[in-house]
Amino acid sequence: MHVGNRWRSPAAFAAVCAALLTGCQSGPGGGTGGDRPDGQAAAVSPAPARPSGYGAVFLAVDECSSFGRTSFTEVSCAGERAAARVVARHDGTARDGPRCPATTDFVLHISEQRPSADEDGDGAVPRGYACMRHLQPPHPGDPGGGGGPRTIVGDCVYDLGDGKVRETACDGSGRREPEFKVTKAVDARSECPASTALYVRLGGTAPVGCARPV
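Residues numbered from 1 in each chain as written. Predicted model: local features only at pLDDT ≥ 70, side-chain atom pairs only at ≥ 80, totals over all residues. Heavy atoms only, no water.

Caption draft 1: View of the overall build of the chain. Per the secondary structure count, the chain includes zero helices and twelve strands. Shown N-terminal to C-terminal, the secondary structure of the chain runs as helices and strands in the order β-β-β-β-β-β-β-β-β-β-β-β. A sequence separation of at least 24 residues applies to 56% of the contacts in the chain between residues at least 6 apart. In the structure as shown, the chain presents an accessible area of about 9500 Å², 51% of it carried by carbon and sulfur atoms. (Helix = DSSP H or I, 4+ residues; strand = E, 2+ residues; numbered from the N terminus. Contact = heavy atoms within 4.5 Å. Areas by Shrake-Rupley, 256 points an atom, 1.4 Å probe, with all protein chains shown as cover.)

Quick look at the structure:
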């Protein structure tokens with residue numbers, strides 16, 4: 001699950017300020033602070049052998065992956081094995097690279113390997129990451145969905161203590177009931193409405209999330 005740090009508003013809670021850069025996760029539920037390193041998708045490698053012909057680059061934008069987070073292949077998006085589509089693809093690591101789109105469901109981390117087929121014939125697939133969107137619902141990356149590598153406006157969280165919160169589904173279908181909902185993203189805490197009870201670090205161009213009790 002996506003775990004992050006939070007700030008309490010002076011009116012209701014003690015202020016807490018901390019930054020968290022995140023990557024991805026294996027289960028439902030997200031947390032504050034951008035892309036997560038704690039598990040929406042474990043760091044994995046492409047399968048030693050994969051079908052060729054789906055694209056010039058392994059898991060390029062608009063290509064599809066099979067089911068699985070620890071073992072996966074690139075497959076035809078029209079096939080029955082297709083589970084998710086690439087909405088963005090970057091070299092390097094998610095920690096240091098561009099952020100995934102806001103409604104990304106999960107991230108696949110691609111370790112540098114030498115499969116039998118690759119984009120340029122040298123036997124190597126560069127290290128990178130693919131931002132994935134399920135072909136079918138549910139979409140945990142949607143606002144209120146309870147997961148995804150980013151926390152966005154419309155998401156709900158609950159308090160973990162020690163200055164941390166974790167994302168959960170706003171409809172109560174997650175393991176924990178929602179306690180706060182992010183209603184606005186702003187540049188600074190002073191721009192949040194008076195009803196704000198929690199400040200959530202979102203990152204990006206509007207890094208502060210204003211959350212109210214639910």
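Caption draft 2: The packing of aromatic side chains, seen in detail. One pass over the structure, following the stated rule, counts one aromatic pair. Here Arg-189 stacks its cationic end above the ring of Tyr-199, 5.7 Å away from the centre of that ring. (Phe/Tyr/Trp six-rings, centres within 6.5 Å; stacked < 30°, edge-to-face > 60°. Lys NZ or Arg CZ within 6 Å of the ring centre and 35° of its normal.)

Caption draft 3: Fine view of the pattern of salt bridges. According to the stated counting rule, one finds three salt bridges in the structure shown. For Asp-91, the salt bridge is made with Arg-89, and the minimal N-O distance between the two is 3.7 Å. For Arg-89, a relative accessible area of 15% translates into the label buried. When salt bridges that share partners are traced, they join Asp-105, Arg-133 and Asp-142 into one network. (Salt bridge = Lys/Arg side-chain N within 4 Å of Asp/Glu carboxyl O. Buried < 20%, exposed > 50% of the residue type's maximum accessible area, 1.4 Å probe, protein only.)

Caption draft 4: Expanded view of the pairing of strand 6 (residues 106-110). Taken across its five residues, strand 6 has five buried, putting it largely inside the fold. A two-sided burial pattern is seen for strand 6, the buried positions comprising Phe-106, Leu-108 and Ile-110 on one face and Val-107 and His-109 on the other. The pairing of strand 6 with strand 7 (residues 128-134) spans five bridges and is classified as antiparallel. Paired with Ile-110 across the strands is Gly-128, a residue of strand 7. (Pairing = 2+ DSSP bridges.)

Caption draft 5: Just the confidence of the model for the chain, in detail. Of all residues in the chain, 68% attain a pLDDT of 70 or more, and the chain-wide mean is 77. Contacts of residues 9-53 to residues separated by more than four positions or lying in other chains number 174 contacts, the stretch itself having pLDDT below 50. (pLDDT = per-residue confidence, 0-100.)

Caption draft 6: Main features of the nonpolar core. Grouped together as the largest cluster of nonpolar side chains are eleven residues: Phe-58, Leu-59, Phe-72, Ala-84, Val-86, Phe-106, Leu-108, Ile-110, Val-125, Ala-130 and Met-132. Secondary-structure elements contributing two or more residues to this core are strand 5 (82-91), strand 6 and strand 7. Judged by nonpolar contacts, the second largest core, of nine residues, contains Val-165, Ala-197, Val-200 and Ala-211. (Core = buried A, V, L, I, M, F, W, Y, C linked by side-chain atoms within 4.5 Å.)

Caption draft 7: Structural view of the state of the cysteines. In the structure shown here, the tally under the stated rule is four disulfides. Disulfide partner of Cys-64: Cys-77, at an S-S distance of 2.0 Å. On the sign convention where negative means left-handed, the S-S torsion of about 105 degrees between Cys-64 and Cys-77 marks this disulfide as right-handed. With Cys-64 in strand 3 (residues 64-66) and Cys-77 in the loop between strand 4 (74-75) and strand 5, this residue pair connects regions lying 13 residues apart in the sequence. A relative accessible area of 0% places Cys-64 in the buried class. Take Cys-77: its relative accessible area is 27%, and that puts it in the partly exposed class. In this model, Cys-100 is linked to Cys-131 through a disulfide, with the two sulfur atoms separated by 2.0 Å. Here Cys-100 and Cys-131 share a disulfide; its torsion about the S-S bond, -80 degrees, makes the bridge left-handed. (Disulfide = S-S within 2.5 Å.)

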